[in-house]
Amino acid sequence: KKDVALKPETTSAGAELYNVFEKDCTHKLSSIPADRNLNNLKQIIRNTSGVQPALFIPDGVFNTLILKQLEMFDQPSEHAITKSHQCIAEAIDRVAAVAIARYPRLQRAVVDIARDFLTKQSREAKEFMAEFLEVEKSYINTNHPEFIERYQIAAALFSENDEEGQKTEK
């Protein structure tokens with residue numbers, strides 16, 4: 001009887017999945033620049049407030065900024081699902097190669113069924129993630145304490161950018 005246990009020099013599927021979420025996804029999410037859309041904040045304010053200049057930064061500006069930031073989560077989310085799919089598919093192949101290698105037809109059938117199921121689940125996960133992000137984009141709670149804190153930070157940044165712009169105009 002062959003032992004299905006993995007050798008110490010190979011990484012287990014669980015460890016690979018852990019690495020996908022802990023290292024790859026964390027790196028991709030942390031590499032999203034939080035201030036990416038703040039560079040064109042004045043332009044966004046002009047576009048959302050129209051010809052009437054706003055005394056305070058309007059909510060429409062924040063909605064626009066938040067929506068743009070949330071759109072940046074699409075690619076890392078899809079990447080996580082794709083990498084997870086690849087890790088699990090490789091694990092299926094490794095286990096099938098060891099556990100049922102003596103029965104090639106059965107091995108192919110099991111691998112095909114498992115891969116079909118995995119593909120279906122990956123597709124559903126991508127659809128769920130897209131729907132989840134759309135739900136997040138549909139309602140932005142501007143009364144949340146963390147949002148108010150960041151609102152104040154953005155207002156300070158805007159006033160700094162405005163002061164710098166006035167200095168360069170002089």
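Residues numbered from 1 in each chain as written. Predicted model: local features only at pLDDT ≥ 70, side-chain atom pairs only at ≥ 80, totals over all residues. Heavy atoms only, no water.

Looking now at the side chain of S84. Here S84 lies in helix α4 (residues 74-99). For S84, a relative accessible area of 11% translates into the label buried. Within polar-contact distance, the side chain of S84 engages the backbone oxygen of A80 at 2.7 Å. Excluding residues within four positions of it along the chain, S84 makes contact with L17, V20 and F21. (Helix = DSSP H or I, 4+ residues; strand = E, 2+ residues; numbered from the N terminus. Buried < 20%, exposed > 50% of the residue type's maximum accessible area, 1.4 Å probe, protein only. Polar contact = N/O pair within 3.5 Å; in protein donor to acceptor, adjacent residues only side chain to side chain. Contact = heavy atoms within 4.5 Å.)

Under the criterion given, the structure shown has one aromatic pair. Plain terms: the ring middles of F128 and F132 are 6.4 Å apart, the flat faces sit at 20° to each other, and that makes the pair stacked. Of this pair, F128 and F132 both sit in helix α5 (residues 104-138), four residues apart, roughly one helical turn. (Phe/Tyr/Trp six-rings, centres within 6.5 Å; stacked < 30°, edge-to-face > 60°.)

Here we take up the pattern of salt bridges. Tallied over the entire structure, the rule returns six salt bridges. Between E16 and R94 there is a salt bridge, with its nearest N and O atoms 3.4 Å apart. One end of the pair, E16, is in helix α1 (residues 13-30); the other, R94, is in helix α4, and 78 residues separate them in sequence. Residue D24 is joined to K83 by a salt bridge in which the shortest nitrogen-to-oxygen separation is 3.8 Å. With a gap of 59 residues between them, D24 in helix α1 and K83 in helix α4 connect regions that are remote in the sequence. Counted as one network, the salt bridges with shared partners bring together D74, E134 and K137. (Salt bridge = Lys/Arg side-chain N within 4 Å of Asp/Glu carboxyl O.)

Right, let's talk about a nonpolar patch on the surface for a bit. Taken together, the side chains of Y103, L106 and V110 define a hydrophobic patch exposed on the protein surface, amounting to about 270 Å² of accessible area. Within the secondary structure, Y103 sits in the loop between α4 and α5. Relative accessible area serves as the criterion here: at 44%, Y103 is assigned to the partly exposed category. (Patch = residues over 30% accessible without salt bridge, like charges linked within 9 Å, V, L, I, M, F, W, Y side chains within 5 Å. Areas by Shrake-Rupley, 256 points an atom, 1.4 Å probe, with all protein chains shown as cover.)

What follows concerns the packing of α1 against α4. Where α1 meets α4, the axes come as close as 10 Å, and the angle between the chain directions of the two elements is 165°. Considering their axes alone, α1 and α4 lie roughly antiparallel with respect to each other. Handedness of the crossing formed by α1 with α4: right-handed. Residues A13, E16, L17, V20, F21, D24, C25, K28 and L29 of α1 lie in contact with α4, whose contacting residues are Q75, P76, H79, A80, K83, S84, C87, I88, E90, A91 and R94. A per-class count over the contact of α1 with α4 returns 11 nonpolar, three polar and six charged. (Axes fitted to C-alpha atoms, helices over the stretch in contact; angles between N-to-C directions. Parallel < 35°, antiparallel > 145°, perpendicular 65-115°, else oblique. Left-handed = near helix turned anticlockwise from the far one by under 90°. Nonpolar A, V, L, I, M, F, W, Y, C, P; charged D, E, K, R; others polar.)

Between its first and last C-alpha, α4 extends 37 Å over 26 residues, near the 38 Å set by a 1.5 Å rise per residue. Buried within α4 are the following residues: P76, S77, A80, I81, S84, C87, A89, A91, I92 and A96. Considering only its buried residues, α4 is in contact with α1 and α5. (Expected span 1.5 Å × (residues − 1).)

Turning next to the side chain of E16. Its relative accessible area of 16% is what places E16 among the buried residues. Within the structure, the side chain of E16 is placed 3.4 Å from the side chain of R94, a separation counted as a polar contact.

A few words now on the nonpolar core. With six residues, the main nonpolar core is built from A89, I92, A96, I100, V111 and L118. Secondary-structure elements contributing two or more residues to this core are α4 and α5. When residues of this core are assigned to their parent elements, the largest contribution, three residues, is made by α4. With residues near it in sequence (within four places) discarded, V111 still touches I92, D93 and A96. (Core = buried A, V, L, I, M, F, W, Y, C linked by side-chain atoms within 4.5 Å.)

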